[in-house]
Amino acid sequence: MALTILLIDTDAERAQALEDKLSESGYARVLRAEGPDMAAAVERAKPDLVIIDMALPDRDALEDIRSVSAASPVVMFAGTDDPGFAQEAIAAGVCSYNLSGVALQDVRPILASAVALFQRYRHVETELAAAKALLNERRLIERAKAILMKDRQMTEPDAYRWLQKKAMNESRKLAQVVADFVALEENQRKETKP
Amino acid sequence: MSEVVALKDRRSGPKLRIGFLRLTDSAPAIVAHEFGYFAEEGVDAELLEEPSWANIADKLAYGFLDAAVIVPPLAFAIELGSRGISQRLVIPCNISMGGNTITFAPALAQRIREKADKDGHSIPQALADSLTGDEPLPLGVVHAYSTHNLLLRYWLATAGLQAGRDVRLSVIPPARAVEALKSGQIAGFCAGAPWGEIAARSGTGINMACSDDIWRAAPEKAFAVRERWAEEHPEALKGAVRALVRAGQFCDAPENASYTGALLSRQKYLGVDSHAILSSLPGGAIAPENLSRFYRGAATFPWRSHALWFLEQMARWDLIGNVDTQSLAARVYRSDLYRAAVAPLGISVPTADSKSEGTHDAPWSLEAAPKPIATGPDSFCDGVVFEAAPAPVSF
């Protein structure tokens, strides 16, 4: 049985991955919503299932699409019989609307794929953010050391120890101390410029 | 920075995860958090910005949020399981009154204003007279279970206009409303501040009416908490209410407007121009078109008559079925929790749980202890008085 699934996700890479996976499985015909009017997209596509990224405000527009879903109201997530699965879905940031009353056992594998993919992408995102933060911290430490070495004629190890000591004295994280120090120095530089 | 660390160290008490949307009337929760009021009152609050009302509802229902700054009709929808699984909620305090605008595209707005002036009619009447009857006018509201949907429908109905026949209501998230108006997807919307002001500032829309033009004391956001959390943490719940009431006092004081506006404009909160936020904060504008109230006139009190008004209007527009509104209102709107929570603050508290809504055209004095509370007018645009008598209500 082929279900029509409308996929609403601004992360193009993730949407493509999910589309590929679902199409491969043969369960489903996957459509992607484009443009700002989600309710209109649903009316056009008449999907059995909508899968949407919870980070999008468009979900509110989908809350009011009873008119196309016959008499049955919008069903959230995977149904009420399995709150654990619904929680997993929410934690991964994916939500689904069942629009044609298709049986839970038919949508379960589809939803499970979506949840798994969203989890994987979320994981990658977190790792990326952590890597970026670390890089930024390194950059700021280098900058702070350069300022200290130039203005106060410190050696590089001394400059680093000076920053570490400052963080310890203020009982704050090195990253915060360094960020504030660089911001302050750069501000003063701007102000003293003619 | 060192103050932030000091505040963190003081934090104790149970964790309270509070969801909010990017709206001006999220102010008391943001202020209570940033000023350490929650921490002082023994609550380890965490504020979580959510992109949609649907997220607020689902995260409350599945326990990812403990509480939220919410539109009360949505709290009833969650309680009743009208849009997903149900979750028992309590509302121990109200957060704000007023603050919404009905905003139309400039050309339509001008045509209606001119017509209203010429004929001496109300704005909704002028709108009714200018509709050609070909296509329903497309208007946006922020959620089916929102105060905005109820207020807009009430206002339109005063001129005999009906959703479905004369206007087509669609749901547009507040942050998308301005863009939808600009693109012509909708001809107007009803949304919370600051979005009407943002539309006006960009020349995309003109504000035709605000909450006060429909109901001069319209309750707007409330603080909803999962009943289970409230029962497990009775002391922290009281603390959270005190923190929010104190923050409401701060946000309501005109001299604090610029501070609140600047705080809310931060990227992690509303992330919009602070001037657009200021325009509807008490003291933020000389002659505000649209004004939120956070404390004055018993704005933080969870009136059972407000709950009953919402439920009556939800039934009027078929948003809820046959429900025992009296017991539902009493179960969710918990004036007893409010009274117990604010007792240590020594503030005046209304002596009744319910009142007649819409009887005052002028400022009046509300019976309260220890002292009466100076209260603003509370009339409806159609002059109707809503009596929330505890007699059986028939729909």
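Keep in mind the model is a prediction, meaning the values are calculated, not measured.

**Q** Go over the overall build of chain A, please, and point to the residues and values.
**A** Secondary structure assignment for chain A yields 7 helices and 5 strands. Seen in sequence order, chain A has helices and strands lined up from the N terminus as β-α-β-α-β-α-β-α-β-α-α-α. Buried residues in chain A amount to 33% of all 194 residues. A sequence separation of at least 24 residues applies to 63% of the contacts in chain A between residues at least 6 apart.

**Q** Can you explain the packing of helix 2 (residues 27–34) of chain B against helix 14 (residues 257–265) of chain B? Please cite residues and give values.
**A** All names here are of chain B. Where helix 2 meets helix 14, the axes come as close as 10 Å, and the angle between the chain directions of the two elements is 90°. Taken as axis vectors, helix 2 and helix 14 run roughly perpendicular relative to one another. In contact with Ala27, Ile30, Val31 and Glu34 of helix 2, helix 14 contributes Thr260, Leu263 and Leu264. Here the residues of the contact of helix 2 with helix 14 are counted per class, giving 5 nonpolar, 1 polar and 1 charged.

**Q** Describe in detail the domain arrangement of chain B, supporting the description with residues and values.
**A** Residue and element names in this part refer to chain B. The domain architecture assigned to chain B consists of domain 1 (2–98 + 219–340) and domain 2 (100–214). In this complex, domain 1 contributes 27 residues to the contact, which on the side of domain 2 involves 25 residues. The set of elements that each furnish at least two residues to the side of domain 1 that touches domain 2 consists of helix 5 (72–80), helix 15 (274–278) and helix 16 (304–316). In terms of residue count, helix 5 provides more of the side of domain 1 that touches domain 2 than any other element does, 4 residues in total. Residue classes in the side of domain 1 that touches domain 2 are distributed as 14 nonpolar, 8 polar and 5 charged.

**Q** Requested: an account of the domain arrangement of chain A, with residues and values cited.
**A** One frequently used descriptor of interface size is the decrease in accessible area upon assembly of the parts. Residue and element names in this part refer to chain A. Taken domain by domain, chain A holds domain 1 (3–126) and domain 2 (127–192). Taken together, the contact pairs 4 residues of domain 1 with 4 residues of domain 2. Taken together, the residues that form the side of domain 1 that touches domain 2 break down as 1 nonpolar, 2 polar and 1 charged.

**Q** Before we move on, can you summarise unusual backbone geometry with the specific residues and values?
**A** Look at the link from B:Ala193 to B:Pro194: it is a cis peptide, with omega at 5°. You can see B:Pro194 is positioned in the loop between strand 8 (188–192) and helix 10 (195–201). B:Pro370 follows B:Ala369 through a cis peptide bond whose omega is 0°. Of note, B:Pro370 is situated in the loop between strand 13 (368–369) and strand 14 (373–375). Non-glycine residue A:Gln153 carries a positive phi angle of around 50°. Among the secondary structure elements, A:Gln153 is positioned in the loop between helix 5 (104–151) and helix 6 (156–169).

**Q** For helix 14 of chain B, give the residues involved together with the corresponding values.
**A** All names here are of chain B. Of all the positions in helix 14, only Ala257, Thr260, Gly261 and Leu264 are classed as buried. Projected down its long axis, helix 14 carries its buried residues within an arc of 100°, all on one side. Elements in contact with the buried residues of helix 14: helix 2, helix 13 (234–252) and helix 15.

**Q** So what's going on with the interface of chain A and chain B? Which residues, and what values?
**A** Of the residues lining the interface, 25 residues belong to chain A; the matching set on chain B comes to 28 residues. Among the secondary structure elements, those contributing two or more residues to the side of chain A that touches chain B are helix 3 (59–62), helix 4 (83–92) and helix 7 (174–192) of chain A. Ranked by the residues each element gives to the side of chain A that touches chain B, the list is headed by helix 4 of chain A, at 4 residues. Grouping the amino acids of the side of chain A that touches chain B by side-chain chemistry returns 13 nonpolar, 3 polar and 9 charged.

**Q** Tell me about the packing of helix 2 of chain B against helix 13 of chain B, and please be specific about residues and values.
**A** All names here are of chain B. At a closest axis distance of 8 Å, the pairing of helix 2 and helix 13 adopts a crossing angle of 105°. Judged by the inter-axis angle, helix 2 sits roughly perpendicular to helix 13. Across the interface between the two elements, Ala27, Pro28, Ala29, Val31 and Ala32 from helix 2 touch Ala243, Leu244, Arg246, Ala247, Gly248, Phe250 and Cys251 from helix 13. Counted by class, the contact of helix 2 with helix 13 contains 10 nonpolar, 1 polar and 1 charged residues.

**Q** Outline the nonpolar core, listing residues and values.
**A** Ranked by internal contacts, the top residues of the largest apolar core, which has 167 residues, are A:Val50, B:Ala68, B:Ala75, B:Phe223, B:Ala224, B:Val241 and B:Leu244. Here this core takes 10 residues from helix 13 of chain B, the largest share from any one element. Formed by 8 residues, the second largest nonpolar core is a distinct cluster that contains A:Ile141, A:Ala144, A:Val178 and A:Phe181.

Conventions used here
- Residues numbered from 1 in each chain as written.
- Chains lettered and ligands numbered in written order.
- Predicted model: local features only at pLDDT ≥ 70, side-chain atom pairs only at ≥ 80, totals over all residues.
- Helix = DSSP H or I, 4+ residues; strand = E, 2+ residues; numbered from the N terminus.
- Buried ≥ 20, exposed ≤ 12 C-beta atoms within 10 Å, placed from the backbone.
- Contact = placed C-beta atoms within 7 Å.
- Axes fitted to C-alpha atoms, helices over the stretch in contact; angles between N-to-C directions.
- Parallel < 35°, antiparallel > 145°, perpendicular 65-115°, else oblique.
- Nonpolar A, V, L, I, M, F, W, Y, C, P; charged D, E, K, R; others polar.
- Domains from an automatic or database assignment.
- Arc of directions from axis to C-beta.
- Core = buried A, V, L, I, M, F, W, Y, C linked by C-beta atoms within 7 Å.

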